[in-house]
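In case you want the letters, here they are:
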Amino acid sequence: MALRGPAGLGPGSRKPLDEAVAAAEWREAPGLVAPGAAPEDDEEDDGRGRGLLRWDGFSAWLHCVCVVGFDLELGQAVEVIYPQHSKLTDKEKTNICYLSFPDSNSGCLGDTQFCFRFRQSSGRRVSLHCLLDQFDKDLPVYLKKDPAYFYGYVYFRQVRDKTLKRGYFQKSLVLISKLPYIHFFHTVLKQIAPEYFEKSEPYLEAACNDVDRWPAPVPGKTLQLPIMGVVMKVRIPTCHDKPGTTQIVQLTQQVADTHISVILPTVHEVDLFRCFCPVFLHSQMLWELVLLGEPLVVMAPSPSESSETVLALVNCISPLKYFSDFRPYFTIHDSEFKEYTTRTQAPPSVILGVTNPFFAKTLQHWPHIIRIGDLKPAGEIPKQVKVKKLKNLKTLDSKPGVYTSYKPYLNRDEEIIKQLQKGVQQKRPSEAQSVILRRYFLELTQSFIIPLERYVASLMPLQKSISPWKSPPPLRQFLPEEFMKTLEKTGPQLTSRIKGDWIGLYRHFLKSPNFDGWFKARRKEMTQKLEALHLEALCEEDLLLWIQKHTEVETVDLVLKLKNKLLQADRECLPVKPDTVEKLRTHIDAIILALPEDLQGILLKTGMT
């Protein structure tokens, strides 16, 4: 049975961004709408009402909430989608059904949490939360939403129940979102899922009403998010934060709020050391494989282990974004199963997390396979797995190990291994071990990327070459050999103690999807910077003097071009100073007023001023 959503709500409504933010601020006011009840003045709001504003707030965080159960005749089935007007295609529902349950061989009794990621169906209409995509530009690149994918955050319960024919109660509460805030959504599920399984649908509806009142997910702001009697305090990182730091310490040092129940130190990070613990001797090699976008499979005993390990791998090259596809939990029922397991072509650049033993045979031709056992609790260390040749992965009961014939470009850093081993001996908490490992990966990634950043910055034209009366000059072309020559004096040896074939690693990286994605993003940023500098150059010109020397036709053409520049600055969020935009508007108005009245009327109606 599906929950009833508020009547008259549709996904097609639109309003400006500032209205959406204002709505978010309105929602912070006290007062709770009872489950199933509409606000009193909904009917007098011309159909736009507060109900619609409410659902915009929900959409800023979540696409929908699903309940997936097990039907003896149908198998896994979506029992509830809330809010009711949320749109999911049949293909998306099928993916959610199969990805929300562990494989039968996992034997997950009790409560299990994990995460999956699936491709959005093509042709989907733009969602309401796109109104808040303005905030996306302030996020670090690795936290930006990917328009082609959804995340599913799962709380699965399987307990014995003799009253049911199957003998087990099996159900998953699933949050579907565009936001990759893994730790945050797992925490939300821990708060609401156990009680939902006891109290059922009215409880879920009340929880969604709480989410609906949350402020918008603005990066850099300290947010207080109430959910069913618990208040969570979080801060979403911004692209301006220093990599490897968290502002949450500042939050905890403030005067303690009596109503704050949970303070989250991170919204997105997983327990890095716990995930790398079985393979930390090979962590540097795995960093190389992820950096280079190599096809990688994680074979784990349960979806929790597979999803955490895949997310830890993707996270290890931060602050670089992993630009290829990754699936924290992947099953044989996935809509991309044939695409990713075919032997007719080379394995794609993707990281898959799997639990079904069937994959040991299906993915035997993949070049890099990590097989892990049960992840140990903090404080324990499993036996370190060895690097083994792929030919040894023949049976379903193969031992844990890293199965690859890959030869790392860089020499292994023994210092970090000694440091982590010492931490294990001294029973250092897993959180502290994770901080050490995360800092190590961060320094390694930064040492690698700084020479590239330095070279790419040199492709930018000099500011003095930007003329207000010509199109901005193009960026110089990226020349791999020219870049390689810069490494001799300004390479990673300036910041890293690690020796090895750095040149070979760079050559391989320049052919990878991660370089392609990184360079496209940097080129876009620099092109926008050029456009912004061009706007500033125009503002410094005496445009009224210019029009005195030119014809009316040329003046009208200038006004139209300047208006287009303003539209572009707004549409592409160009990095221009607010006073630059105001100056340009003033210039446009002054030029229009200097023209004959008939032209003034036409130009004032055209576009924006």
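Here goes a summary of the coordinates provided. In this text, all values refer to a predicted model and were calculated from it rather than measured experimentally.

**Some remarks on helix α14 (residues 480-490)**
- Looking only at α14, the buried set comprises Phe-483, Met-484 and Leu-487. Along α14, the residues classed as buried sweep out an arc of 105° about the axis, all on the same side. Away from the buried face of α14 by more than 90 degrees, exposed residues Lys-485, Glu-488 and Lys-489 are located.
- Next to the buried residues of α14 lie α13 (430-457) and α15 (502-509).

**Here's the deal with the nonpolar core**
- Membership of the largest hydrophobic core comes to 112 residues, with the highest contact counts inside it found for Trp-61, Phe-184 and Leu-452.
- Per element, the largest residue contribution to this core is ten residues, and it comes from α13.
- What Trp-61 contacts, discounting residues up to four positions off in sequence, is Ser-177, Leu-179, Phe-184, Phe-185, Val-211, Trp-214, Pro-215, Ala-216, Pro-217, Leu-223, Leu-225 and Ile-236.
- Counting residues in each nonpolar core, the second largest holds 23 residues, with Leu-535, Trp-546, Ala-569 and Ile-588 among its members.

**Looking at the sheet that holds strand β5 (residues 168-177)**
- Here five strands make up an open sheet; going across it, the order is β2-β1-β5-β4-β3 and the pairing antiparallel. Where the open sheet ends on each side, the last strands, each with one partner, are β2 (75-82) and β3 (110-119). Looking at each pair of strands side by side, their axes are set apart by 25° on average, direction ignored.
- Bridge count for strand β4 (residues 149-160) against β5 is ten bridges, and the pairing is antiparallel. Residue pairing in the sheet places Tyr-153 in a bridge with Leu-175 of β5.
- Its contacts with the sheet put helix α3 (residues 90-99) on β1 (64-71), β2, β3, β4 and β5, and the angle it makes with β3 is roughly 150°.
- Against the sheet, helix α4 (residues 182-199) engages β1, β3, β4 and β5, with an angle of about 35° to β4.

**Quick word on the packing of helix α16 (residues 513-539) against helix α19 (residues 578-593)**
- Across the interface, α16 lies against α19 with an axial gap of 9 Å and an inter-helix angle of 50°. In terms of orientation, α16 lies oblique with respect to α19. As α16 runs across α19, the sense of the crossing is left-handed. On α19, the residues that touch Leu-535, Glu-536 and Cys-539 of α16 are Thr-580, Lys-583, Leu-584 and His-587.

**Structural notes on the packing of aromatic side chains**
- Tallying each qualifying case throughout the model produces 35 aromatic pairs.
- A ring pair is formed by Tyr-440 and Phe-441, whose centres lie 5.6 Å apart and whose planes are at 45°; its orientation type is tilted.
- Since its relative accessible area comes to 1%, Phe-441 is described here as buried.
- Through successive ring pairs, a cluster of aromatic residues spans Trp-287, Phe-448, Tyr-455, Phe-478, Phe-483, Tyr-506, Phe-509, Phe-515, Trp-518 and Phe-519.
- Against the face of Tyr-149 rests Arg-117, its NZ or CZ located 3.9 Å from the ring centre.
- Sitting over the ring of Phe-326, Arg-117 keeps its end group 4.1 Å from the ring centre.

Basis of the calculations
- Residues numbered from 1 in each chain as written.
- Predicted model: local features only at pLDDT ≥ 70, side-chain atom pairs only at ≥ 80, totals over all residues.
- Heavy atoms only, no water.
- Buried < 20%, exposed > 50% of the residue type's maximum accessible area, 1.4 Å probe, protein only.
- Helix = DSSP H or I, 4+ residues; strand = E, 2+ residues; numbered from the N terminus.
- Arc of directions from axis to C-beta.
- Contact = heavy atoms within 4.5 Å.
- Core = buried A, V, L, I, M, F, W, Y, C linked by side-chain atoms within 4.5 Å.
- Pairing = 2+ DSSP bridges.
- Axes fitted to C-alpha atoms, helices over the stretch in contact; angles between N-to-C directions.
- Parallel < 35°, antiparallel > 145°, perpendicular 65-115°, else oblique.
- Left-handed = near helix turned anticlockwise from the far one by under 90°.
- Phe/Tyr/Trp six-rings, centres within 6.5 Å; stacked < 30°, edge-to-face > 60°.
- Lys NZ or Arg CZ within 6 Å of the ring centre and 35° of its normal.

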